[in-house]
Amino acid sequence: MTLTRFFNDNKWHLLSFFLFLFLSIFLTIGKIGTEFQRYALLTPDAGVYVSFVAAQENPQFFVNDPLLSSEENISDYRMFFYGQIKALRKIFDNYGSAAIALVPFGILIHLTGYYALGWAVFRRPGPAVLAALLLSSPMNLGFLRDFWGIILEPIPRFFYQGFLAFLLALSIGQGQNIKRWPIILAYAGLLNYFHPLSTPPITLGIMLSLWFLVKNETFFTKIKMMSLSVIILLVILLPFLQTFFSSTDIGAQSEIPYAVAAPIVVERLSPFALHPEQAMLSFISGFRGAGQTLWLALWGLAIAGLIAQHNRNAQEFYQFRAIWWIITGILVGAGLLPMMEHKIYSSLATFPLEFEMYRGMRYVVPLLLLLNLYLIWKYAEQKNLPQKFAVLGSILLLGVWGYYGILFQKSDIAQATRQNLKCFLKSQIVCSLPSNEKDFIDTMDALRNKTPIGARILSEGQEVAIRYYALRPLAYSYKDGPPFAYTDHHALMTWYKDYQTMNELAGLRKHSFRRKGFINKFVKFAYQIEADYLVLSEPYQPEKYNHPALIMIYSNDHYTIFKISKE
């Protein structure tokens with residue numbers, strides 16, 4: 001095949017790919033600006049994951065860290081993501097840059113994956129591109145304390161989302177071929193190493209779709225092939241399961257009374273952590289205000305479509321039914337099963353192995369959007385309407401969903417776009433980030449250069465960059481609560497006391513006339529948790545009250561580092 005023929009045969013696929021490549025580069029540039037070489041601006045979620053990698057490779061740096069000093073707290077994080085960070089860190093010299101270097105690849109995989117899913121459903125490039133954009137549009141799922149779509153952060157779940165699209169495309173496109181079942185479930189097993197928490201509901205949804213939509217095979221043939229597929233799945237999952245169960249110490253958890261630890265888990269994670277039935281009810285009601293109207297309209301149209309096609313040719317609506325079966329499996333795996341599990345464990349006054357399975361309901365969002373997109377195109381086809389009707393309907397759906405998710409919620413995509421537009425107006429391709437972000441990076445550099453290895457840092461903002469970028473122990477972090485909830489409830493109790501103290505300090509911080517009380521209590525707390533250095537989110541102001549035990553060693557327009565005198 002000549003290059004010209006290859007391009008002619010695949011020109012729409014190639015043009016779509018280059019569109020996605022442009023968007024990936026554009027958004028990444030807006031995110032990192034000119035600070036790639038010393039990137040320390042990961043969100044707390046991403047920073048926690050990258051901190052685990054830093055601690056695995058440099059345990060000697062974190063012997064004084066309350067979370068990272070224990071192998072038990074980080075031993076179950078053995079995912080593909082961490083191998084990538086470790087490899088890239090050798091190239092880019094710091095963990096922050098290594099992590100952010102994955103972002104354009106994550107965006108490209110996400111867009112390409114949902115294009116492949118759109119192609120599996122529509123077999124046309126136009127709706128496939130619209131599907132990629134619609135299903136990748138970011139949305140804050142406040143009703144689940146979660147989010148969906150493209151984010152400009154390197155977290156494992158984002159990469160899982162992207163590769164999941166290929167699994168869904170494979171399942172919908174090849175699921176009727178029973179010989180493909182082992183390949184499909186093997187892929188589902190491999191995806192576990194991107195984000196294990198997502199595996200149960202997604203796998204259940206895929207299995208239901210495969211089972212109920214194959215009509216031309218006998219029951220025993222399906223049993224035989226499904227059994228083989230499940231065995232392959234379990235073999236692939238075995239290394240993860242061994243590590244997970246060995247690092248989740250249920251015995252240690254049970255030493256703390258359930259009635260004492262449970263309220264802390266609920267307060268730090270969410271009310272849904274031990275009450276997944278509330279998560280299901282919240283999921284059904286969806287957003288508030290205009291968002292709720294949009295959410296209920298999506299469900300209404302999808303259900304109406306299901307009722308309307310019930311007696312029609314099954315093969316004609318195969319993709320539509322396949323998507324519905326996957327949704328059903330996700331709701332069972334992320335909703336019904338956690339409800340049953342938590343009911344059993346709560347009656348025994350102990351904790352389940354996993355309290356956040358309900359978050360898997362997030363994967364219903366792209367499938368619900370895909371159902372609506374499918375119905376728009378199917379309606380136009382059945383009514384012999386011009387294709388522009390389907391295109392305009394799809395663009396309207398994309399516009400409404402995108403507006404609510406990107407502009408109304410002020411997502412990081414909107415921020416990156418504004419950053420680029422400001423830059424382009426200056427006739428530049430890449431510009432500096434805002435001064436407060438640059439000052440933050442300078443502060444992290446100062447911590448790494450002006451403090452000894454192993455020095456415990458107490459930060460007003462609890463920035464996890466202190467761990468992954470400055471490579472110093474962080475004396476307290478709000479983000480430490482969830483890991484302790486799974487591995488060490490004694491440490492969780494200690495953390496909770498510190499959490500209450502930090503909340504009290506935050507209350508004092510709001511009132512300028514209470515500065516002396518804030519500083520004195522902050523220093524007292526620093527002594528209690530044996531911190532060596534203190535970071536305040538303010539410039540050094542000698543005319544204002546500063547505790548006599550604080551020795552300023554660095555300051556800029558937004559941050560100050562103090563050494564804490566032990567005398």
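Note that the structure is predicted; figures quoted are calculated from it, not measured.

## Considerations on the packing of helix H6 (residues 103–122) against helix H8 (residues 156–174)
- At their nearest, the axes of H6 and H8 sit 8 Å apart, and the two run at 15° to each other. Regarding the angle of H6 to H8, the classification is roughly parallel. As for how H6 packs across H8, the hand of that crossing is left-handed. The residues of H8 that touch H6, namely those facing Gly106, Ile107, Ile109, His110, Thr112, Gly113, Tyr114, Ala116, Leu117, Ala120 and Val121, are Phe158, Phe159, Gln161, Gly162, Phe163, Leu164, Ala165, Phe166, Leu168, Ala169, Ile172 and Gly173.

## Some remarks on the state of the cysteines
- Following the criterion strictly, the structure yields one disulfide and no others.
- Sulfur-sulfur distance for the disulfide between Cys423 and Cys431 comes to 2.1 Å. Where Cys423 bonds to Cys431 through sulfur, the torsion about that S-S bond is close to 90°, and the disulfide is right-handed.
- Residue classification places Cys423 among the buried residues on the basis of a relative accessible area of 1%.

## Here's the deal with the sheet that holds strand S4 (residues 533–536)
- Spatially, S3-S4-S6-S5 is the arrangement adopted by the four strands of the open sheet, whose pairing is mixed. Looking at the sheet topology across the chains shown, the edges are occupied by strand S3 (457–459) and strand S5 (550–555). Geometrically, the sheet is characterised by an average inter-axis angle of 25° between neighbouring strands, direction not taken into account.
- Contacting S3, S4, S5 and strand S6 (560–564), helix H20 (residues 435–450) crosses the sheet at an angle of about 120° to S5.

## A closer look at the pattern of salt bridges
- This structure, assessed with the given rule, holds 18 salt bridges.
- The partner of Glu57 in a salt bridge is Arg89, and the shortest N-O contact between them spans 3.6 Å. Of the two residues, Glu57 is situated in helix H2 (residues 44–57) and Arg89 in helix H4 (residues 80–92); the sequence distance between them amounts to 32 residues.
- Arg509 is the salt-bridge partner of Glu460, the closest N and O atoms lying 2.6 Å from each other. Here Arg509 lies in helix H23 (residues 489–509) and Glu460 lies in the loop between S3 and helix H21 (465–468), a separation of 49 residues in the sequence.

## Thoughts on the side chain of Ser171
- Note on placement: Ser171 falls in helix H8.
- On the basis of relative accessible area, Ser171 is assigned to the buried category, the value being 0%.
- Ignoring anything within four residues of it in the chain, the contact list for Ser171 reads Ile184, Ile206, Ser209, Leu210 and Tyr318.

## Thoughts on the packing of helix H16 (residues 318–347) against helix H17 (residues 364–382)
- One can describe the packing of H16 onto H17 by two numbers: an axis separation of 10 Å at closest approach and a directional angle of 160°. In terms of orientation, H16 and H17 fall into the roughly antiparallel class. For H16 against H17, the interelement crossing comes out left-handed. Facing Gln319, Phe320, Ile323, Trp324, Ile326, Ile327, Ile330 and Leu331 of H16, the residues of H17 in contact are Val364, Leu367, Leu368, Leu370, Leu371, Tyr374 and Leu375.
- Among the residues making up the contact of H16 with H17, the classes are represented as 14 nonpolar, one polar and no charged.

## Digging into the pairing of S4
- Going residue by residue along S4, you find Tyr533 and Val535 tucked away on one face and Leu534 and Leu536 tucked away on the opposite face as well.
- The pairing of S3 with S4 spans three bridges and is classified as parallel. Residue pairing for S4: Ser459 is matched across the bridge by Val535.
- Alignment of S4 against S6, held across four bridges, turns out to be antiparallel. Bridging across to S6, Leu534 finds its partner in Phe562.

## Remarks on the packing of aromatic side chains
- Counting across every chain of the model gives 46 aromatic pairs.
- Seen in terms of ring centroids, Phe143 and Trp295 are 5.2 Å apart; in terms of plane orientation they differ by 40°. Their pairing is tilted. Separated by 152 residues along the polypeptide, Phe143 in the loop between strand S1 (139–141) and strand S2 (146–148) and Trp295 in helix H15 (residues 290–308) bring together distant segments of the chain.
- In this structure Phe143 comes out as buried when scored by relative accessible area, which is 6%.
- Aromatic pair Trp211 and Phe219: ring centres 5.7 Å apart, planes at 90°, arrangement edge-to-face.
- Counting every residue linked through ring pairs, the aromatic cluster contains Phe143, Phe283, Phe287, Trp295, Trp299, Trp324, Trp401 and Tyr404.
- The cationic tip of Lys378 hangs over the ring face of Phe317; the distance from NZ or CZ to the ring centre is 5.3 Å.
- Directly above the aromatic system of Tyr469 lies the positively charged group of Arg448, at a separation of 4.4 Å from the ring centroid.

Parameters at a glance
Residues numbered from 1 in each chain as written. Predicted model: local features only at pLDDT ≥ 70, side-chain atom pairs only at ≥ 80, totals over all residues. Heavy atoms only, no water. Axes fitted to C-alpha atoms, helices over the stretch in contact; angles between N-to-C directions. Helix = DSSP H or I, 4+ residues; strand = E, 2+ residues; numbered from the N terminus. Parallel < 35°, antiparallel > 145°, perpendicular 65-115°, else oblique. Left-handed = near helix turned anticlockwise from the far one by under 90°. Contact = heavy atoms within 4.5 Å. Disulfide = S-S within 2.5 Å. Buried < 20%, exposed > 50% of the residue type's maximum accessible area, 1.4 Å probe, protein only. Pairing = 2+ DSSP bridges. Salt bridge = Lys/Arg side-chain N within 4 Å of Asp/Glu carboxyl O. Nonpolar A, V, L, I, M, F, W, Y, C, P; charged D, E, K, R; others polar. Phe/Tyr/Trp six-rings, centres within 6.5 Å; stacked < 30°, edge-to-face > 60°. Lys NZ or Arg CZ within 6 Å of the ring centre and 35° of its normal.

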